[in-house]
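Examining the three-dimensional arrangement
For reference, the chains in residue letters:
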Amino acid sequence: MTILPEQPVFRFAPSPNGLLHLGHALSAILNHDMAAATNGRFLLRIEDIDRARCRPEFEAAIFEDLAWLGLAWEQPVRRQSDHLDLYAETLQRLRTMGVVYPSIMTRGDIRSAVAATEADGAVWPRDPDGSPLYPGHERELSPRAQAAIVAGERPYAWRLDVAAAIKLVAEPLTWRETGAGPTGETGLITADPAGWGDVILSRSDAPSSYHLSVVVDDALQGITHVVRGRDLYHATSVHRLLQRLLNLPEPVYLHHRLVLGPDGRKLSKSNQDTGIAAFRVAGRSPADVRAMILEGAS
Ligand code: GLU
């Protein structure tokens, strides 16, 4: 009997909260081309959990831009907003494991708490994106006080008790990096989920966060290779922790370089000049866009 090697599965997973730019084009093209080169599958996933910022017209623009680039993806496209129940169930599993707790501290509360500490000259730790780590102690509230938050009127979020979660998984967490991280790391990388503090996994008004839904979907869709920009390199630490907690398979990761704007800064969805559509309108060809972004890629 011949045992076939596992067929690689790649995905491009944009959020329809703006127009795709050249950085997205690079991610999409790398995933597509790597799938084609390995006889693998290429999936497109619409990450539209944030209902306040996502719009159907941006989703339509994603399809249009990717098709213009000459990419073909499998149907049907998975749309995260169609699967909110699944993320809610997964959160419920984490509740049962005792690794999440409800938190009513707002961003403003967090800013004031951090400012008060730093007023005395202390420096409060930041996460890899530069935001202050959650400074609260709501994880220590009694079960009764936690139940009162859940039953109460005020909006709240479910935070991961990262220390409890790390303790539960016990072994050191790693991932296999086949690109090169922000400082050139490649090979077996040690994850540092504690560097993010107690991240939010869901809110009372939105049953999932990026971190929770991305690991659930990557597992459910059988993604073997996660190829995405280096801006998400550090997020992989949280993803590895959640994968281990939820007993999900571990994909291989490749974090590719970011496409920078003419000012040397990371592109943003609000900068129309570097949008894929702007190149199309300006009469450039998909081959021009490929050539422009693939120079020195990965
Ligand atoms: N939805 C995320 C974004 O648009 C990407 C998620 C991922 O590739 O893991 O930035």
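Counting restarts for each chain, with residues numbered from 1 along the sequence as it is written. It should be noted that, the model being predicted, local features are given only for residues of pLDDT at least 70 and side-chain atom pairs only at 80 or more, the latter also being counted only at that level, while totals for whole chains, interfaces and linings use all residues. With hydrogens and water excluded, all non-hydrogen atoms of the structure serve as input to the side-chain values.

For the chain, the name recorded in an unreviewed UniProt entry is tRNA glutamyl-Q(34) synthetase GluQRS, with Sinorhizobium psoraleae as its organism. UniProt positions are given in the numbering used here, feature names are shortened, and annotations may be inferred rather than shown by experiment. In its Sequence similarities (unreviewed entry) section, the UniProt record describing the chain reads: "Belongs to the class-I aminoacyl-tRNA synthetase family."

1. A look at the sheet that holds strand S8 (residues 200–203)
A sheet is described by the order of its strands in space; here three strands give the open sequence S4-S5-S8, paired in antiparallel fashion. Each having just a single partner strand, strand S4 (100–103) and S8 make up the two edges of the open sheet. Taken over all neighbouring pairs, the strand axes of this sheet differ in orientation by 30 degrees on average, direction set aside. Inspection of the sheet shows strand S5 (residues 157–160) paired to S8 by three bridges, in the antiparallel sense. Residue pairing for S8: Arg159 is matched across the bridge by Ile200. If DSSP finds at least two bridges between two strands, the strands pair. A run of H or I in DSSP becomes a helix once it reaches four residues, and a run of E becomes a strand once it reaches two; helices and strands are each numbered from the N terminus. Think of each axis as a best-fit line through the C-alpha atoms, taken over the contacting stretch in the case of a helix, with angles from 0 to 180 degrees between the N-to-C directions.

2. Some remarks on the environment of Leu188
If you trace the backbone, Leu188 turns up in strand S7 (residues 187–190). As for Leu188 and Thr178, which are separated by ten residues in sequence, their C-alpha atoms are 8.9 Å apart. Contacts are assigned to residue pairs with any non-hydrogen atoms lying within 4.5 Å of each other. Apart from residues no more than four positions distant in its own chain, Leu188 is found in contact with Thr174, Trp175 and Arg176.

3. As for the nonpolar core
As used here, the term nonpolar core means buried Ala, Val, Leu, Ile, Met, Phe, Trp, Tyr and Cys residues forming a set that is joined through side-chain atoms within 4.5 Å. Here the term buried applies to any residue with accessible area under 20% of the maximum for its type, exposed to any over 50%, and partly exposed to those in between, with areas from a 1.4 Å probe on protein chains only. Counting 35 residues, the largest nonpolar core has Leu94, Val100, Leu160, Leu201, Leu241, Leu242 and Leu245 as the members making the most contacts within it. Elements that contribute at least two residues to this core include exactly helix H3 (84–96), S5, helix H6 (162–169), helix H7 (210–220) and helix H8 (235–245). Sequence-distant contacts of Leu160, that is, excluding residues within four places in its chain, are made with Val99, Val100, Tyr101, Ala165, Asp198, Val199, Leu201, Leu241, Leu242 and Leu245. With 28 residues, the next largest nonpolar core counts Phe42, Leu71, Trp73 and Ile276 among its residues.

4. Considerations on the pairing of S4
Here S4 shows no split at all, with Val100 and Pro102 on one side and Tyr101 and Ser103 on the other all buried. Examined bridge by bridge, S4 and S5 share four bridges and lie antiparallel to one another. Looking across to S5, one finds that Val100 is bridged to Leu160.

5. Regarding the packing of helix H1 (residues 22–37) against helix H10 (residues 286–294)
Taken N-terminus to C-terminus, the directions of H1 and H10 make an angle of 95 degrees; their axes are 10 Å apart at the nearest point. Classified by the interaxial angle, the pair formed by H1 and H10 is roughly perpendicular. Across the interface between the two elements, Leu22, Ala25, Leu26, Ile29, Leu30, His32 and Asp33 from H1 touch Val289, Arg290, Met292, Ile293 and Leu294 from H10. In this classification, the charged set is Asp, Glu, Lys and Arg, the nonpolar set is Ala, Val, Leu, Ile, Met, Phe, Trp, Tyr, Cys and Pro, and all remaining amino acids, among them Gly, are polar. Classifying every residue of the contact of H1 with H10 by side-chain character gives nine nonpolar, one polar and two charged. Roughly parallel covers angles under 35 degrees, roughly antiparallel covers those over 145, roughly perpendicular covers 65 to 115, and oblique covers all other angles.

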